[in-house]
Amino acid sequence: MKKTPLLNAELSAAIARLGHGDVIVIGDAGMPIPPGTPCIDLALTAGVPDFVTTLKVVLSEMQVQGHLLARETLEVAPLALEAIEALTAAGDLGERQLVSHDELKAACRTARVQIRTGECRPYSNIALIAGVTF
C-alpha cells in the first residue's frame, strides 16, 4: 500500500513517467480536453473532487518547477485562488507564468496528461511544469 496520499493508480503512474519540463494540467469540469491529450477523469459530480484537493494530492508526488495560470483566474478569483497563492508563496508551485485563458487551453495540447476534476467554479485550472528532485 502506498504511503503518499495519491491512491489513483493511473494518476500516480502518469506522474512517475514525467520528465523535466513536462506539463500536467489540472482542470475544472468545463476545461476542454484537446483531442489526443490523455485525460484522467476524476470527476464524479459537481465539486467532487474539488480543484484544491486534487492539486494538493498531485503536489504530494510531483516535483514542480513552475506553473501556468490564466490572468482571468486572478481577475475572477475563484475560491481556489487562495490555495494557489499560498502554495506559490510556500514554493510548492515554483515560478508563475501568467497567460491568457486561451493560451492556457492551448498549453493543454502539449500536456502529457490532463486531469479533469469535478470543480465547477470557472478558471480553476493550472498547468504544472515538472521539475527535478536533484
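Residues numbered from 1 in each chain as written. Predicted model: local features only at pLDDT ≥ 70, side-chain atom pairs only at ≥ 80, totals over all residues. Heavy atoms only, no water.

By the naming in an unreviewed UniProt entry, the protein chain is D-ribose pyranase, taken from Pseudomonas straminea. For the protein chain, the Subcellular location (unreviewed entry) comment in UniProt is given as "Cytoplasm". (UniProt positions renumbered as here; feature names shortened; annotations may be inferred.)

Participant: I'd love a proper account of the overall build of the protein chain, names of residues and values included.
Facilitator: Scanning the protein chain from N- to C-terminus turns up five helices and six strands. Along the protein chain, helices and strands appear, N-terminal first, in the series α-β-β-α-β-α-α-β-α-β-β. Taking 2.2 N^0.38 as the reference for a compact globule, 134 residues should give roughly 14 Å; the C-alpha atoms of the protein chain span a radius of gyration of 13 Å, in line with that estimate. The 134 residues of the protein chain split such that 46% are buried. Sequence-distant contacts in the protein chain: of pairs separated by 6 or more residues, those separated by 24 or more amount to 89%. When the accessible area of the protein chain is evaluated, it comes to approximately 6,800 Å², of which 54% is carbon and sulfur surface. (Helix = DSSP H or I, 4+ residues; strand = E, 2+ residues; numbered from the N terminus. Rg over C-alpha atoms; globule rule 2.2 N^0.38 Å. Buried < 20%, exposed > 50% of the residue type's maximum accessible area, 1.4 Å probe, protein only. Contact = heavy atoms within 4.5 Å. Areas by Shrake-Rupley, 256 points an atom, 1.4 Å probe, with all protein chains shown as cover.)

Participant: Can you tell me about the sheet that holds strand S4 (residues 95-99), naming the residues and giving the values?
Facilitator: In space, the six strands of this open sheet follow the order S2-S5-S1-S6-S3-S4, with mixed pairing throughout. Both edges of this open sheet fall to strand S2 (39-41) and S4, since each of them pairs with a single strand only. Mean inter-strand twist for the sheet, computed between neighbouring axes without regard to direction, equals 20 degrees. Running over the sheet, helix H1 (residues 9-16) touches strand S1 (23-27), S2 and strand S5 (113-116) and is turned about 150 degrees from S2. (Pairing = 2+ DSSP bridges. Axes fitted to C-alpha atoms, helices over the stretch in contact; angles between N-to-C directions.)

Participant: Quick rundown of the nonpolar core? Include the residues and the values.
Facilitator: Residues Leu-11, Leu-55, Met-62 and Leu-128 are the most contacted members of the largest nonpolar core, which totals 27 residues. Looking at this core, the elements with two or more residues in it are H1, S1, helix H2 (51-59), strand S3 (64-70), helix H4 (80-89), S5 and strand S6 (126-130). Per-element tally for this core: the top contributor is H2, with five residues. Formed by twelve residues, the second largest nonpolar core is a distinct cluster that contains Leu-104, Ala-107, Cys-108 and Ala-127. (Core = buried A, V, L, I, M, F, W, Y, C linked by side-chain atoms within 4.5 Å.)

Participant: Explain the UniProt feature "binding site: substrate" (unreviewed entry) in the protein chain to me, and be specific about the residues and the numbers.
Facilitator: As recorded in UniProt, the feature "binding site: substrate" (unreviewed entry) lies at Asp-28, His-101, Tyr-123, Ser-124 and Asn-125. In terms of the greatest pairwise C-alpha distance, the residues named above, spread along 98 residues, form a tight cluster of at most 12.7 Å across. The residue His-101 is located in helix H5 (residues 101-107) in this model. Owing to a relative accessible area of 15%, His-101 belongs among the buried residues under this scheme.

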